[in-house]
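# Descriptive structure summary
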Amino acid sequence: MPNDNLVVIAAMARKGGSGKTTLSRALISAAVAAGRRVLLIDTDSTGVLGTWHKRAEAAGLGSPLLRSATVESVGGVDRRIEQVYAADSADFIFIDTAGVGAEWSDGIAVLADHIVTPVMLSTSDLDVGAQTAEWFDKLRARVDDPASLPRHHVVLNMVDPKTTRADAALIEAAIARFPVVETVMMRRNVYKEMDEKGLLHAVALQKQADPNPLMRPHVRHVVEALEEATDILNNILAA
Amino acid sequence: MRKKIPTITRPDPAYAASLRPEVEEDPGREEVQRAEATPEPASAQPVVVDDHIAPPPSTPPPPTPQPTQETAGRAAPPTLASPTRTRRIPATRKIDIRVNALERQEEALIDCGVDPAHVIRAALRRAVKNWQLGPDFIASSEEQRTRITEWRARTSLAVHAGAMNALLRAHDPLDVLSKWTLIRGQLEPRVWAEIDAILTEIAQRAAPPHAGEVS
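Residues numbered from 1 in each chain as written. Chains lettered and ligands numbered in written order. Predicted model: local features only at pLDDT ≥ 70, side-chain atom pairs only at ≥ 80, totals over all residues.

## Describing the overall build of chain A
The helix and strand tally for chain A stands at 9 helices and 6 strands. Looking at chain A as a whole, 45% of its 239 residues qualify as buried. In chain A, of all internal contacts separated by at least 6 residues, the share reaching a separation of at least 24 is 80%. (Helix = DSSP H or I, 4+ residues; strand = E, 2+ residues; numbered from the N terminus. Buried ≥ 20, exposed ≤ 12 C-beta atoms within 10 Å, placed from the backbone. Contact = placed C-beta atoms within 7 Å.)

## Details of helix 7 (residues 190–197) of chain A
Residue and element names in this part refer to chain A. Of the residues making up helix 7, those classed as buried are Val190, Tyr191 and Met194. Considered in projection along helix 7, the buried side chains sweep an arc of 105 degrees and stay on one side of the axis. Those residues of helix 7 hidden inside the fold are in contact with helix 1 (20–33), helix 8 (200–208) and helix 9 (219–238). The first or second residue beyond helix 7 is Gly198, which carries a positive phi of 155 degrees. (Arc of directions from axis to C-beta.)

## With respect to the interface of chain A and chain B
With 18 residues of chain A at the contact, the number on the chain B side is 14 residues. Within the residue set of the side of chain A that touches chain B, elements represented by two or more residues are helix 4 (103–111) and helix 5 (123–139) of chain A. Ranked by residue count, the leading element in the side of chain A that touches chain B is helix 4 of chain A, at 5 residues. When its residues are assigned to classes, the side of chain A that touches chain B shows 7 nonpolar, 3 polar and 8 charged. (Nonpolar A, V, L, I, M, F, W, Y, C, P; charged D, E, K, R; others polar.)

## Some remarks on unusual backbone geometry
All names here are of chain A. Positive phi, normally seen in glycine, also occurs at Asp88, with a value near 50 degrees. Its place among the elements puts Asp88 in the loop between helix 3 (74–87) and strand 4 (92–96). Positioned with a positive phi, Met158 is a non-glycine residue whose angle comes to about 55 degrees. A tally of 19 C-beta atoms within 10 Å means that Met158 is categorised as partly exposed.

## Side note on the sheet that holds strand 4 of chain A
All names here are of chain A. Strand order across the open sheet formed by 6 strands is 3-2-4-1-5-6, with parallel pairing between neighbours. Strands at the two margins of the open sheet, each flanked by one partner only, are strand 3 (66–70) and strand 6 (151–157). Neighbour-to-neighbour, the strand axes of this sheet turn through a mean angle of 20 degrees, independent of strand direction. In terms of strand pairing, strand 2 (residues 38–42) meets strand 4 through 5 bridges, oriented parallel. Looking across to strand 4, one finds that Leu40 is bridged to Phe94. (Pairing = 2+ DSSP bridges. Axes fitted to C-alpha atoms, helices over the stretch in contact; angles between N-to-C directions.)

## What about helix 1 of chain A?
Between the first and last C-alpha of helix 1 of chain A there are 20 Å, a value that for 14 residues agrees with the 20 Å anticipated at 1.5 Å per step. Where helix 1 of chain A ends, the next residue or the one after it, Gly35(A), has phi of about 85 degrees, a positive value. (Expected span 1.5 Å × (residues − 1).)

## Concerning the environment of Val184(A)
All names here are of chain A. For Val184, the position within the fold is in the loop between helix 6 (165–177) and helix 7. Take Val184: there are 20 C-beta atoms within 10 Å of it, and that puts it in the buried class. For the pair Val184 and Val155, spaced 29 residues apart in sequence, the C-alpha separation works out to 6.1 Å. Each residue touching Val184, except ones within four places of it in the same chain, is listed here: Leu156 and Val159.

The following block contains the structure:
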(Lines give C-alpha, C1' and ligand atoms only; values in the text may rest on other atoms or scores of the structure.)
Protein backbone atom coordinates (compact mmCIF):
# COMPACT_ATOMS: atom_id res chain seq x y z
CA MET A 1 0.00 0.00 0.00
CA PRO A 2 1.31 3.46 -0.83
CA ASN A 3 2.11 5.67 2.11
CA ASP A 4 -0.14 8.70 1.79
CA ASN A 5 1.38 10.13 4.96
CA LEU A 6 4.87 10.30 3.47
CA VAL A 7 6.48 13.68 4.18
CA VAL A 8 9.33 15.00 2.06
CA ILE A 9 11.43 17.76 3.60
CA ALA A 10 14.18 19.45 1.59
CA ALA A 11 16.87 21.58 3.19
CA MET A 12 17.65 24.32 0.68
CA ALA A 13 19.57 27.58 0.77
CA ARG A 14 21.56 29.63 -1.67
CA LYS A 15 24.47 29.87 0.74
CA GLY A 16 26.91 27.21 1.76
CA GLY A 17 27.76 26.94 5.47
CA SER A 18 24.33 28.10 6.56
CA GLY A 19 23.69 24.88 8.47
CA LYS A 20 21.54 22.79 6.11
CA THR A 21 23.31 19.54 6.88
CA THR A 22 23.36 20.19 10.64
CA LEU A 23 19.66 21.01 10.56
CA SER A 24 19.01 17.87 8.51
CA ARG A 25 20.92 15.71 11.02
CA ALA A 26 18.97 17.21 13.91
CA LEU A 27 15.57 16.76 12.20
CA ILE A 28 16.46 13.22 11.17
CA SER A 29 17.45 12.50 14.76
CA ALA A 30 14.11 13.85 15.98
CA ALA A 31 12.11 11.78 13.48
CA VAL A 32 14.00 8.58 14.23
CA ALA A 33 13.77 9.22 17.98
CA ALA A 34 10.00 9.44 17.51
CA GLY A 35 10.04 6.00 15.89
CA ARG A 36 9.53 7.16 12.30
CA ARG A 37 11.18 5.47 9.35
CA VAL A 38 13.47 7.87 7.54
CA LEU A 39 15.25 7.91 4.20
CA LEU A 40 17.88 10.59 3.76
CA ILE A 41 18.74 11.57 0.23
CA ASP A 42 22.06 13.33 -0.19
CA THR A 43 22.17 15.40 -3.38
CA ASP A 44 25.18 17.46 -2.33
CA SER A 45 28.22 16.38 -4.34
CA THR A 46 30.33 16.55 -1.19
CA GLY A 47 28.28 13.63 0.15
CA VAL A 48 28.61 14.89 3.71
CA LEU A 49 25.26 13.64 4.98
CA GLY A 50 25.65 10.21 3.40
CA THR A 51 29.13 9.91 4.87
CA TRP A 52 27.76 10.89 8.27
CA HIS A 53 25.17 8.11 8.08
CA LYS A 54 27.85 5.54 7.27
CA ARG A 55 29.98 6.83 10.12
CA ALA A 56 27.04 6.57 12.51
CA GLU A 57 26.30 3.01 11.39
CA ALA A 58 29.94 2.06 11.81
CA ALA A 59 29.97 3.49 15.34
CA GLY A 60 26.74 1.75 16.26
CA LEU A 61 25.03 5.13 16.64
CA GLY A 62 22.70 4.85 13.68
CA SER A 63 19.30 3.21 13.62
CA PRO A 64 17.52 0.47 11.70
CA LEU A 65 14.86 3.10 11.02
CA LEU A 66 17.31 5.22 9.03
CA ARG A 67 18.50 4.49 5.51
CA SER A 68 20.35 6.69 3.09
CA ALA A 69 20.67 7.13 -0.65
CA THR A 70 22.91 9.24 -2.84
CA VAL A 71 21.19 10.60 -5.91
CA GLU A 72 22.78 12.59 -8.69
CA SER A 73 19.82 13.99 -10.59
CA VAL A 74 16.44 15.57 -9.96
CA GLY A 75 14.84 12.70 -11.86
CA GLY A 76 16.64 10.28 -9.55
CA VAL A 77 15.20 12.04 -6.50
CA ASP A 78 11.72 11.92 -8.04
CA ARG A 79 12.01 8.19 -8.78
CA ARG A 80 13.30 7.42 -5.30
CA ILE A 81 10.43 9.32 -3.67
CA GLU A 82 7.93 7.46 -5.84
CA GLN A 83 9.51 4.11 -4.89
CA VAL A 84 9.34 4.94 -1.19
CA TYR A 85 5.78 6.18 -1.55
CA ALA A 86 4.62 3.12 -3.48
CA ALA A 87 6.40 0.61 -1.26
CA ASP A 88 5.59 2.43 2.00
CA SER A 89 9.21 2.03 3.03
CA ALA A 90 9.55 5.30 4.96
CA ASP A 91 7.55 7.96 6.79
CA PHE A 92 9.96 10.82 6.16
CA ILE A 93 12.35 11.65 3.37
CA PHE A 94 14.95 14.31 4.10
CA ILE A 95 16.75 15.80 1.11
CA ASP A 96 20.01 17.61 1.72
CA THR A 97 21.15 19.93 -1.06
CA ALA A 98 24.25 21.90 -1.97
CA GLY A 99 24.39 25.52 -0.83
CA VAL A 100 23.93 27.21 -4.19
CA GLY A 101 21.17 28.60 -6.32
CA ALA A 102 20.99 26.38 -9.37
CA GLU A 103 18.67 25.21 -12.09
CA TRP A 104 17.97 22.02 -10.15
CA SER A 105 16.65 24.05 -7.21
CA ASP A 106 13.26 24.38 -8.91
CA GLY A 107 13.14 20.66 -9.62
CA ILE A 108 13.83 19.66 -6.01
CA ALA A 109 11.47 22.29 -4.63
CA VAL A 110 8.43 21.01 -6.49
CA LEU A 111 9.03 17.45 -5.26
CA ALA A 112 9.07 18.38 -1.57
CA ASP A 113 6.24 18.88 0.88
CA HIS A 114 8.30 21.29 2.96
CA ILE A 115 11.38 23.37 2.29
CA VAL A 116 13.48 24.44 5.23
CA THR A 117 16.12 27.13 4.97
CA PRO A 118 18.50 27.66 7.88
CA VAL A 119 19.62 31.25 8.32
CA MET A 120 22.26 32.43 10.75
CA LEU A 121 21.91 35.63 12.69
CA SER A 122 23.93 38.15 10.74
CA THR A 123 22.97 40.88 8.33
CA SER A 124 24.65 39.15 5.40
CA ASP A 125 23.08 35.78 6.19
CA LEU A 126 19.68 37.42 6.41
CA ASP A 127 20.26 39.03 3.01
CA VAL A 128 21.18 35.70 1.40
CA GLY A 129 18.26 34.05 3.17
CA ALA A 130 16.04 36.71 1.65
CA GLN A 131 17.32 35.71 -1.79
CA THR A 132 16.19 32.14 -1.17
CA ALA A 133 12.82 33.32 0.12
CA GLU A 134 12.43 35.58 -2.89
CA TRP A 135 13.30 32.72 -5.25
CA PHE A 136 10.60 30.60 -3.67
CA ASP A 137 8.05 33.41 -3.86
CA LYS A 138 8.79 33.85 -7.55
CA LEU A 139 8.48 30.11 -8.07
CA ARG A 140 4.76 30.51 -7.44
CA ALA A 141 4.52 32.50 -10.64
CA ARG A 142 6.60 29.99 -12.58
CA VAL A 143 4.58 26.82 -12.02
CA ASP A 144 1.23 25.71 -13.40
CA ASP A 145 -0.22 24.94 -9.97
CA PRO A 146 1.17 27.13 -7.17
CA ALA A 147 -1.13 25.46 -4.64
CA SER A 148 0.87 22.25 -5.02
CA LEU A 149 4.12 23.91 -4.02
CA PRO A 150 5.59 23.01 -0.63
CA ARG A 151 5.54 25.28 2.35
CA HIS A 152 8.68 27.27 3.01
CA HIS A 153 10.11 27.56 6.50
CA VAL A 154 13.12 29.49 7.75
CA VAL A 155 14.92 28.17 10.82
CA LEU A 156 17.13 30.65 12.63
CA ASN A 157 20.36 28.83 13.22
CA MET A 158 23.36 29.06 15.54
CA VAL A 159 21.57 31.44 17.87
CA ASP A 160 23.72 32.25 20.85
CA PRO A 161 22.18 31.16 24.22
CA LYS A 162 23.02 34.60 25.60
CA THR A 163 21.06 36.73 23.19
CA THR A 164 22.33 40.26 22.76
CA ARG A 165 20.29 43.30 21.74
CA ALA A 166 21.81 43.06 18.31
CA ASP A 167 20.68 39.45 18.04
CA ALA A 168 17.20 40.40 19.19
CA ALA A 169 17.05 43.08 16.51
CA LEU A 170 18.15 40.58 13.87
CA ILE A 171 15.54 38.08 15.03
CA GLU A 172 12.87 40.77 14.72
CA ALA A 173 14.13 41.60 11.24
CA ALA A 174 14.06 37.92 10.28
CA ILE A 175 10.50 37.48 11.53
CA ALA A 176 9.46 40.47 9.44
CA ARG A 177 11.10 39.08 6.31
CA PHE A 178 10.67 35.30 6.44
CA PRO A 179 8.23 32.58 7.47
CA VAL A 180 10.32 31.89 10.57
CA VAL A 181 9.79 28.73 12.60
CA GLU A 182 9.02 29.66 16.19
CA THR A 183 11.73 27.47 17.71
CA VAL A 184 15.26 28.57 16.92
CA MET A 185 18.27 26.31 16.66
CA MET A 186 20.77 27.25 19.34
CA ARG A 187 24.53 27.15 19.08
CA ARG A 188 25.42 23.84 20.74
CA ASN A 189 28.61 21.84 21.11
CA VAL A 190 26.51 18.69 20.96
CA TYR A 191 26.01 19.25 17.22
CA LYS A 192 29.74 18.65 16.78
CA GLU A 193 29.32 15.40 18.66
CA MET A 194 26.30 14.54 16.51
CA ASP A 195 28.44 15.12 13.42
CA GLU A 196 31.24 12.97 14.78
CA LYS A 197 29.19 10.11 16.16
CA GLY A 198 25.64 9.82 14.86
CA LEU A 199 21.98 10.27 15.76
CA LEU A 200 21.24 12.45 18.78
CA HIS A 201 19.14 9.92 20.63
CA ALA A 202 21.78 7.23 20.05
CA VAL A 203 24.42 9.57 21.43
CA ALA A 204 22.17 10.25 24.43
CA LEU A 205 21.71 6.55 25.07
CA GLN A 206 25.45 6.02 24.82
CA LYS A 207 26.13 8.73 27.39
CA GLN A 208 23.44 7.38 29.67
CA ALA A 209 25.09 3.98 29.59
CA ASP A 210 28.61 5.36 30.04
CA PRO A 211 30.46 3.42 32.75
CA ASN A 212 31.99 6.71 33.90
CA PRO A 213 29.32 8.31 36.12
CA LEU A 214 30.84 11.76 35.51
CA MET A 215 29.78 11.54 31.87
CA ARG A 216 26.13 10.76 32.58
CA PRO A 217 25.01 14.33 33.38
CA HIS A 218 26.15 15.35 29.89
CA VAL A 219 23.18 13.49 28.47
CA ARG A 220 21.12 16.55 29.42
CA HIS A 221 22.71 18.64 26.65
CA VAL A 222 21.92 15.98 24.06
CA VAL A 223 18.34 15.64 25.23
CA GLU A 224 17.89 19.43 25.08
CA ALA A 225 19.12 19.46 21.50
CA LEU A 226 16.82 16.58 20.63
CA GLU A 227 13.84 18.36 22.18
CA GLU A 228 14.69 21.48 20.26
CA ALA A 229 14.89 19.54 16.98
CA THR A 230 11.59 17.82 17.75
CA ASP A 231 9.97 21.20 18.34
CA ILE A 232 11.29 22.48 15.01
CA LEU A 233 10.04 19.39 13.18
CA ASN A 234 6.61 19.68 14.80
CA ASN A 235 6.47 23.36 13.87
CA ILE A 236 7.25 22.49 10.26
CA LEU A 237 4.65 19.73 10.12
CA ALA A 238 1.99 21.86 11.82
CA ALA A 239 2.30 24.67 9.31
CA MET B 1 -2.18 9.53 -3.42
CA ARG B 2 1.13 11.35 -3.55
CA LYS B 3 0.79 15.12 -3.86
CA LYS B 4 0.62 16.70 -7.30
CA ILE B 5 4.00 17.78 -8.59
CA PRO B 6 3.62 21.23 -10.16
CA THR B 7 5.15 21.77 -13.57
CA ILE B 8 7.79 24.48 -13.87
CA THR B 9 6.82 26.73 -16.75
CA ARG B 10 9.96 28.85 -16.96
CA PRO B 11 13.36 29.04 -15.27
CA ASP B 12 14.74 31.66 -12.92
CA PRO B 13 18.15 32.43 -14.41
CA ALA B 14 18.85 35.16 -11.84
CA TYR B 15 18.75 32.66 -8.95
CA ALA B 16 20.97 30.19 -10.77
CA ALA B 17 23.42 32.86 -11.96
CA SER B 18 27.07 32.10 -11.53
CA LEU B 19 30.45 33.17 -12.85
CA ARG B 20 30.57 33.06 -16.61
CA PRO B 21 33.39 31.04 -18.12
CA GLU B 22 34.17 33.69 -20.74
CA VAL B 23 34.06 37.44 -21.07
CA GLU B 24 30.60 38.34 -22.20
CA GLU B 25 30.42 39.82 -25.65
CA ASP B 26 29.03 43.26 -26.23
CA PRO B 27 25.25 42.99 -26.22
CA GLY B 28 25.28 45.29 -29.23
CA ARG B 29 24.91 44.15 -32.76
CA GLU B 30 28.57 43.69 -33.58
CA GLU B 31 31.49 42.24 -31.76
CA VAL B 32 33.45 44.66 -29.65
CA GLN B 33 37.01 43.74 -29.04
CA ARG B 34 37.98 45.37 -25.78
CA ALA B 35 41.46 44.16 -25.08
CA GLU B 36 43.92 41.66 -26.36
CA ALA B 37 47.48 40.60 -25.72
CA THR B 38 49.70 42.33 -28.21
CA PRO B 39 53.45 42.70 -28.40
CA GLU B 40 54.81 46.20 -27.92
CA PRO B 41 54.61 48.40 -29.82
CA ALA B 42 51.17 48.01 -31.27
CA SER B 43 49.14 50.29 -33.45
CA ALA B 44 45.40 50.73 -33.39
CA GLN B 45 44.99 50.46 -37.12
CA PRO B 46 42.12 48.45 -38.55
CA VAL B 47 42.71 44.74 -38.90
CA VAL B 48 41.51 42.67 -41.80
CA VAL B 49 40.43 39.20 -40.83
CA ASP B 50 40.79 37.06 -43.93
CA ASP B 51 38.16 34.50 -44.73
CA HIS B 52 40.76 32.40 -46.47
CA ILE B 53 44.45 32.48 -47.23
CA ALA B 54 44.99 33.13 -50.89
CA PRO B 55 47.60 30.86 -52.50
CA PRO B 56 50.50 32.71 -54.09
CA PRO B 57 50.17 33.03 -57.85
CA SER B 58 52.82 31.51 -60.07
CA THR B 59 53.88 34.15 -62.59
CA PRO B 60 54.52 36.96 -62.51
CA PRO B 61 55.16 37.51 -58.80
CA PRO B 62 52.39 39.49 -57.18
CA PRO B 63 52.96 42.69 -55.31
CA THR B 64 54.22 41.98 -51.85
CA PRO B 65 51.19 41.99 -49.58
CA GLN B 66 51.44 44.36 -46.69
CA PRO B 67 51.59 42.53 -43.39
CA THR B 68 48.66 42.86 -41.12
CA GLN B 69 49.12 43.34 -37.39
CA GLU B 70 48.80 39.62 -36.90
CA THR B 71 51.47 38.65 -39.42
CA ALA B 72 53.74 41.44 -38.21
CA GLY B 73 53.49 40.04 -34.69
CA ARG B 74 54.45 36.59 -35.89
CA ALA B 75 57.35 37.87 -37.97
CA ALA B 76 58.87 39.71 -35.03
CA PRO B 77 58.02 37.80 -31.91
CA PRO B 78 58.66 39.57 -28.66
CA THR B 79 61.90 38.72 -26.94
CA LEU B 80 62.68 38.44 -23.26
CA ALA B 81 63.92 42.00 -23.34
CA SER B 82 60.56 43.23 -24.59
CA PRO B 83 58.02 40.93 -23.03
CA THR B 84 54.50 40.66 -24.27
CA ARG B 85 52.00 42.23 -21.95
CA THR B 86 48.30 42.65 -21.94
CA ARG B 87 47.33 46.17 -22.78
CA ARG B 88 44.09 47.92 -23.42
CA ILE B 89 43.58 49.07 -26.98
CA PRO B 90 40.74 51.20 -28.25
CA ALA B 91 37.45 49.34 -28.46
CA THR B 92 36.79 48.09 -31.95
CA ARG B 93 33.76 46.81 -33.75
CA LYS B 94 33.95 44.11 -36.38
CA ILE B 95 32.18 44.98 -39.61
CA ASP B 96 31.38 42.58 -42.42
CA ILE B 97 32.57 44.19 -45.66
CA ARG B 98 32.42 43.36 -49.39
CA VAL B 99 34.81 45.10 -51.75
CA ASN B 100 35.16 44.80 -55.50
CA ALA B 101 36.92 46.60 -58.30
CA LEU B 102 35.43 49.20 -60.59
CA GLU B 103 34.11 48.38 -64.02
CA ARG B 104 36.82 50.54 -65.58
CA GLN B 105 39.48 48.38 -63.87
CA GLU B 106 38.16 45.09 -65.25
CA GLU B 107 40.27 44.97 -68.39
CA ALA B 108 43.53 45.78 -66.64
CA LEU B 109 42.82 43.23 -63.93
CA ILE B 110 42.20 40.49 -66.49
CA ASP B 111 45.29 41.38 -68.46
CA CYS B 112 47.69 41.83 -65.54
CA GLY B 113 48.50 38.12 -65.24
CA VAL B 114 47.59 37.89 -61.57
CA ASP B 115 44.33 36.52 -60.21
CA PRO B 116 42.14 39.65 -60.01
CA ALA B 117 40.70 38.45 -56.69
CA HIS B 118 44.23 38.44 -55.25
CA VAL B 119 44.88 41.92 -56.51
CA ILE B 120 41.69 43.21 -54.92
CA ARG B 121 42.46 41.50 -51.61
CA ALA B 122 46.00 42.90 -51.59
CA ALA B 123 44.59 46.33 -52.37
CA LEU B 124 42.19 46.03 -49.45
CA ARG B 125 45.04 45.17 -47.10
CA ARG B 126 47.00 48.18 -48.21
CA ALA B 127 43.97 50.42 -48.05
CA VAL B 128 43.26 49.69 -44.40
CA LYS B 129 46.87 49.52 -43.23
CA ASN B 130 47.08 53.10 -42.01
CA TRP B 131 43.44 53.97 -42.21
CA GLN B 132 41.14 55.00 -39.42
CA LEU B 133 37.40 55.23 -39.73
CA GLY B 134 36.33 58.85 -39.46
CA PRO B 135 33.21 59.97 -37.61
CA ASP B 136 31.89 61.87 -40.64
CA PHE B 137 29.65 60.08 -43.08
CA ILE B 138 30.74 60.01 -46.73
CA ALA B 139 28.15 58.90 -49.26
CA SER B 140 28.96 55.90 -51.37
CA SER B 141 30.47 56.65 -54.78
CA GLU B 142 28.27 56.46 -57.86
CA GLU B 143 31.06 54.87 -59.90
CA GLN B 144 30.07 51.61 -61.59
CA ARG B 145 31.43 48.52 -59.85
CA THR B 146 32.36 45.41 -61.79
CA ARG B 147 29.64 42.79 -62.14
CA ILE B 148 32.17 39.96 -61.74
CA THR B 149 31.23 38.85 -58.26
CA GLU B 150 33.88 36.10 -58.15
CA TRP B 151 36.48 38.78 -57.55
CA ARG B 152 34.73 40.26 -54.56
CA ALA B 153 36.72 40.31 -51.32
CA ARG B 154 34.42 39.51 -48.44
CA THR B 155 35.91 39.74 -45.00
CA SER B 156 35.50 41.44 -41.66
CA LEU B 157 37.18 44.62 -40.60
CA ALA B 158 37.76 45.89 -37.07
CA VAL B 159 37.04 49.60 -36.94
CA HIS B 160 37.14 52.11 -34.11
CA ALA B 161 33.96 51.65 -32.09
CA GLY B 162 33.72 55.32 -31.13
CA ALA B 163 33.69 56.48 -34.74
CA MET B 164 31.25 53.74 -35.66
CA ASN B 165 28.91 54.79 -32.87
CA ALA B 166 29.15 58.42 -34.00
CA LEU B 167 28.16 57.36 -37.52
CA LEU B 168 25.30 55.32 -36.16
CA ARG B 169 24.00 58.14 -34.00
CA ALA B 170 24.14 60.65 -36.83
CA HIS B 171 23.03 58.60 -39.83
CA ASP B 172 21.33 55.47 -38.61
CA PRO B 173 19.82 56.10 -35.17
CA LEU B 174 17.28 53.32 -35.67
CA ASP B 175 19.98 50.83 -36.68
CA VAL B 176 18.34 49.71 -39.89
CA LEU B 177 21.26 50.05 -42.30
CA SER B 178 24.15 47.66 -42.63
CA LYS B 179 27.39 48.87 -41.08
CA TRP B 180 29.11 48.45 -44.41
CA THR B 181 26.72 51.01 -45.90
CA LEU B 182 27.91 53.51 -43.31
CA ILE B 183 31.62 53.08 -43.95
CA ARG B 184 31.96 52.10 -47.63
CA GLY B 185 32.04 55.74 -48.75
CA GLN B 186 35.25 56.17 -46.75
CA LEU B 187 36.90 52.89 -47.64
CA GLU B 188 36.03 51.99 -51.23
CA PRO B 189 37.87 54.89 -52.91
CA ARG B 190 41.02 53.91 -51.05
CA VAL B 191 40.72 50.32 -52.25
CA TRP B 192 40.18 51.39 -55.86
CA ALA B 193 43.21 53.69 -55.66
CA GLU B 194 45.30 50.82 -54.32
CA ILE B 195 44.08 48.55 -57.15
CA ASP B 196 45.29 51.13 -59.64
CA ALA B 197 48.64 51.35 -57.82
CA ILE B 198 49.10 47.59 -57.77
CA LEU B 199 48.22 47.28 -61.44
CA THR B 200 50.85 49.89 -62.19
CA GLU B 201 53.44 48.03 -60.12
CA ILE B 202 52.64 44.77 -61.86
CA ALA B 203 52.92 46.40 -65.26
CA GLN B 204 56.30 47.88 -64.35
CA ARG B 205 57.62 44.53 -63.12
CA ALA B 206 56.30 42.75 -66.18
CA ALA B 207 57.99 45.18 -68.53
CA PRO B 208 61.17 43.69 -70.13
CA PRO B 209 64.43 44.98 -68.61
CA HIS B 210 66.07 47.84 -70.44
CA ALA B 211 63.02 48.22 -72.62
CA GLY B 212 63.43 51.30 -74.87
CA GLU B 213 67.20 51.31 -74.59
CA VAL B 214 69.17 51.44 -77.84
CA SER B 215 71.77 48.76 -78.05
